[in-house]
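Now for the letters of each chain:
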Amino acid sequence: LVEYFPFAPERYGTTLTDLLDEADRAHPRPVIVSSLRTFPSDATCATAGDVNKTLRRYFDMVLHHVDSNMVDTPTLGDYFLQATRGVHIERTGFVSRTRQYLEPVGRTGGLLFTVGGGRDGAPYLCKWLAAATSVGLEQRHPVTVVCGPFMPDADFARVTAMANDRITVHRYLSDAAMLALIRSSRALVCMAGYNTLNEALQYQTPALVFARENYPEQIAQVKLFASRGLILPGAITAGQAHIARLMQQLLDFSAGHDLDFGGAEKTAALVAAAVYQRLDGYSSTTASQ
């Protein structure tokens, strides 16, 4: 089970190509699955024809971790259509790690700002904090900032310098603590990463979401979710005053929905079924021989 490959082969070099050739010679041949998030459209050196050839040659199926009622094939564009022509695709629903933390909680927190891993997140956080403080938003709703474990020390110091008794800055938090914050916060300001966005939607936490520049997947996700009224979209290039207005709108934003977040369970069931089918076929062939 491989994420993104063969849609982004440059992430792996020749390692997986050699491994797939070896697996193809095995008896019984292992089940080989490609795993994709909502929009498999990050910039890549692979042509649609290359991807299609590899999928048809080696892969048993593609697992697309998205709600089938929300994303149809034409939405994904010509590249995806050509790359997956003649390929077995299963839509699993969104994959979320939050199912063990779904106990009801009150919206006791304030605003939460997060930028995922945080490697490039400091400029966004500083801009958001400046926007919030420009209209005194933190005086009404305390702000919690999570910078991410990969934020450089100098950038973390820049963000920390903006902290006060109404703004708390963390470098990072455990998964459980982060999920608790998302589900208890009045609202969330974040980047458009798959996990953070799904967690906000599952907890129905109002979210103002920004896509990173040059990340086609995030840009497409923001456009899709905003068109369904599930999030407020923000633009990286927006000025401080505009972002402040969006934050104020966010406090009254409601994103009711009925999305499928059972992707992890369905993925396990699909893979298990494929493995058992392969083993049954191998056992039958061996017995007849």
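What counts and what doesn't
Residues numbered from 1 in each chain as written. Predicted model: local features only at pLDDT ≥ 70, side-chain atom pairs only at ≥ 80, totals over all residues. Heavy atoms only, no water. Helix = DSSP H or I, 4+ residues; strand = E, 2+ residues; numbered from the N terminus. Buried < 20%, exposed > 50% of the residue type's maximum accessible area, 1.4 Å probe, protein only. Phe/Tyr/Trp six-rings, centres within 6.5 Å; stacked < 30°, edge-to-face > 60°. Lys NZ or Arg CZ within 6 Å of the ring centre and 35° of its normal.

Trainee: Go over unusual backbone geometry, please, and point to the residues and values.
Mentor: In this model, Phe5 is joined to Pro6 through a cis peptide bond whose omega is 10 degrees. Along the chain, the position of Pro6 falls in the loop between strand E1 (2-3) and helix H1 (15-24). The phi dihedral of Tyr4 falls on the positive side, at around 75 degrees, and the residue is not glycine. Along the chain, Tyr4 falls in the loop between E1 and H1. Given a relative accessible area of 5%, Tyr4 falls into the buried group.

Trainee: Just give me the short version of the packing of aromatic side chains, but keep the residues and values in it.
Mentor: The full count for this structure, using the stated rule, is seven aromatic pairs. Relative to Phe80, the ring of Phe7 lies with its centre 6.2 Å away and its plane at 15 degrees, an arrangement referred to as stacked. Placement of the pair is Phe7 in the loop between E1 and H1 and Phe80 in helix H3 (residues 77-83), with a sequence separation of 73 residues. Comparing Phe7 with Phe80 shows no difference in burial state: the two are buried. Ring geometry for Phe94 and Phe225: centres 6.0 Å apart, planes at 40 degrees, overall tilted. Here the residue Phe94 occupies a position in the loop between strand E4 (89-91) and strand E5 (111-114), and Phe225 occupies one in helix H9 (residues 216-227), the gap between them amounting to 131 residues. Here Phe94 falls in the buried class, since its relative accessible area comes to 0%. The exposure class assigned to Phe225 is buried, which follows from its relative accessible area of 0%. Members of the aromatic cluster, joined through ring pairs, are Phe94, Tyr194, Phe225 and Phe261. Directly above the aromatic system of Tyr58 lies the positively charged group of Arg57, at a separation of 4.7 Å from the ring centroid.

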